[in-house]
Amino acid sequence: MVQIDIMTIRYIVTLLFGVVTTASFAGILQKKNTVKLVCIVCFLLLLQGVFFVSFGLDAVVTSYPIHTHMVLVGALVLCFQCTVKDATICTLLAYMCCQIPAWISRWTMYTMYHSSIREFLIYFFAALITFWMIVKYAAAPIHELLQGSKAETMVMGIVPVTYYLFDYLTTVWTKVLYTGNYHVAQFMPSVICVAYLVFAVVFSHEQKRRTEAMEERTILQNELYIVETETESLRELSKLARIHRHDMRHHLALILHLIEENHIEEAREYIRENIERIDEFTPHRFCEMEMLNLILSHFESQAEEMKAQYRFGVELPAQMPLTKPELCALVSNALENAFHAVRELPEEKRFVDARLCELNGKLIFSVDNSCDDRIQITGNRPKTDKAGHGYGTRSIMTIANEHNGMAVFQSENGMFSLMVTIPL
C-alpha cells in the first residue's frame, strides 16, 4: 500500500514538474496564468485517473503521449496561443528534463540505504533544484531561441524529439535498451553529435545573416543621419538668411546715409563687418557635392566646438565608384568615430586629419586622429566592448568590400589611422 501511495505521489510530482517546466520554456510561467495552469494540471490528473481505472497502471504509462503530452500541447495552443511547433518542442524539452531528477534518484539503488521513500525524497528535491536552475538560467534563452528563425527552432527540436521517440521505443513500449545492444546504446550519443554539428552550421549561418542585416540597418541609419544633418543645416541657413534679409533694408539705408554725408571710410568699414558676418554662416565649400559639404561642415563645427585641430582635404575624382549615400556614410562613420575618440582627450591633443582623393586609379579615403593607447585592433578591426558601438566600423568595411576595396585600421603611439582604398 505504501509503495502504491509513493508511486502515485511521484506521478503527481512528475506531472507538475513537466507542466511548469513546459510553461517556463514557453514563456507563460507568470502569476496571471496560475489559474489556467492549475486547471490544466487537474484536467491531466483526471485523464490519468480515468485511464488508470479503466485500463490499469501499465496503460497509463504506455499511453502517456496520448492522455498527457498531446493534451498539454493542445492546451498551450488553445489557452495561451502558442504555435503547435513551439508547444511541441517545449513539451518534449520538459519531458527530456524529467530525466535529470529520475537519474539522480536512481543512485540510491547502488547504496545500502536504498528504499522507495528515500528514492522518492531524493527525486522530489532533485526535481525542485532542477526546476529552479531551469527557470533561473535556461528558460529565458530557450524561449528566445524559439522566437528565432524556423531553421533554428527545427534544429533545436532534433534532440528532444529524437530522445522522446527513442525513450518510448526502447524503454516504455519495449525494453530493447536494457538488452545491451551496442547500436541501441550508442544511438542517442550519435544523434546528439549530429544535432550539435547541424545546429552549429545553422546558428553560424543565422548569425551571419543577422550581422549583415545589422550592417544594412547601420547604413540606412547613416543615410537617415545624413538627410537629417542636411535638413538641419538648410533649416539653420534659411533662418539666418531670413534674418539678414530682414535687416538688409536697414543696412542699405545706413550705408546710403553714410555715403550722402560723405563718410566713405565709415561706410566701407560697415560693409566689411557685414561681409564677415555673412561669411560666418556660409558653409565652407570642401567640394562640389553639396551633401558631403554639409557633413564636413557639421564635423567642422564639432571640431571648433571641442577646440580640436582639424584638416579636411577633398578632391573628388571625375569617376566616383560609390553612390552619394555610400560615400557620405563612409565619411560620416569614419569622422564620427574619430571625433568620438578625440573628445576623450585633453584639448591640446585633439587632432583629426581627413583626406579624400584619387591616386593611381583608386579612390583613397584616410582619417588620422589622436587617441588613447587603449584602442586594440583585433581581426583588422578596432575592438570595442561598449554596447551599440562597432557598427560604424562594420559599415565602412562592408562598403569597401562591396566595391572590391579594402579598409585598414591601425593604432600606434597615440595615433589611430584608417585607410580605405576602392578601385575606380
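Everything below is about the structure printed above this text.
Below is a summary of the structure that appears in this document. Along each chain, the written sequence defines residue order, and numbers are assigned to residues from 1. pLDDT decides what is reported in this predicted model: residues at 70 or higher carry local features, side-chain atom pairs at 80 or more are listed and counted, and totals for whole chains, interfaces and linings draw on all residues regardless. Side-chain metrics in this entry use all non-hydrogen atoms of the structure; hydrogen atoms and water are not considered.

**Observations regarding the side chain of T421**
Basically, it comes down to this: Elements are defined by DSSP. Helices are runs of H or I of four residues or more, strands are runs of E of two residues or more, and each kind is numbered from the N terminus. Whether two residues are in contact is decided by their heavy atoms: any pair within 4.5 Å suffices.
Checked against the element boundaries, T421 lands in strand β7 (residues 415-423). Ignoring sequence-local partners within four residues, the contact set of T421 consists of L363, I364, G405 and M406.

**Some words on the layout of surface pockets**
Under the convention used in this document: As defined here, a cavity is a set of points on a 1 Å grid over the protein atoms alone where a 1.4 Å probe fits but cannot get out. A pocket is an open set with protein on both sides within 12 Å along at least five of seven lines, and residues line them when an atom is within 4 Å of a point. Grid points are joined across faces, edges and corners, and a volume is the space filled by probe spheres set on the points. The classification used treats Ala, Val, Leu, Ile, Met, Phe, Trp, Tyr, Cys and Pro as nonpolar, Asp, Glu, Lys and Arg as charged, and all other residues, Gly among them, as polar.
Reported here for the largest pocket is a volume of approximately 1500 Å³. Together, 41 residues line the largest pocket, and R10, Q99, A102, R106 and D167 are the ones closest to its centre. Elements with a contribution of two residues or more to the lining of the largest pocket: α1 (2-26), α3 (57-62), α4 (64-80), α5 (84-97), α6 (99-105), α7 (116-146) and α9 (158-172). Take the lining of the largest pocket: its biggest share by element is 10 residues, from α1. Across the lining of the largest pocket, the residue classes break down as 23 nonpolar, 12 polar and 6 charged.

**Quick notes on the pairing of strand β1 (residues 309-314)**
Rules: Pairing between two strands is assigned when DSSP locates at least 2 bridges connecting them.
As defined by bridge partners, β1 adjoins strand β2 (residues 351-359) across 6 bridges and the pair is classed as parallel. Paired with F312 across the two strands is A354, which belongs to β2.

**Focus: the pattern of salt bridges**
To be explicit about the condition: When a carboxyl oxygen of Asp or Glu lies within 4 Å of a side-chain nitrogen of Lys or Arg, that pair is called a salt bridge. Relative accessible area decides the class of each residue, using a 1.4 Å probe on protein chains only: under 20% of the type maximum gives buried, over 50% gives exposed, and in between gives partly exposed.
As enumerated under the stated definition, the model contains 6 salt bridges in all. In this structure, the salt-bridge partner of R355 is D353, at a minimum N-O distance of 2.6 Å. With a relative accessible area of 32%, R355 lands in the partly exposed category. Exposure remark for D353: the relative accessible area of 5% places this residue in the buried category.

**Some details on the packing of α5 against α7**
Selection rule: A fitted line through C-alpha atoms serves as each axis, taken over the contacting stretch for helices, and the angle formed by two N-to-C directions is quoted from 0 to 180°. For classification, angles of less than 35 degrees are called roughly parallel, those exceeding 145 degrees roughly antiparallel, those between 65 and 115 degrees roughly perpendicular, and all remaining angles oblique. Throughout, a crossing is termed right-handed when the near helix is turned clockwise from the far one, and left-handed when it is turned anticlockwise from it by less than a right angle.
Where α5 meets α7, the axes come as close as 12 Å, and the angle between the chain directions of the two elements is 150°. Here α5 is positioned roughly antiparallel relative to α7, judged by the angle of their axes. For the pair α5 and α7, the sense of crossing is right-handed. Facing K85, D86, I89, C90, L93 and C97 of α5, the residues of α7 in contact are T130, I134, I142 and L146. Each residue belonging to the contact of α5 with α7 can be placed in one class, and the counts come to 7 nonpolar, 1 polar and 2 charged.

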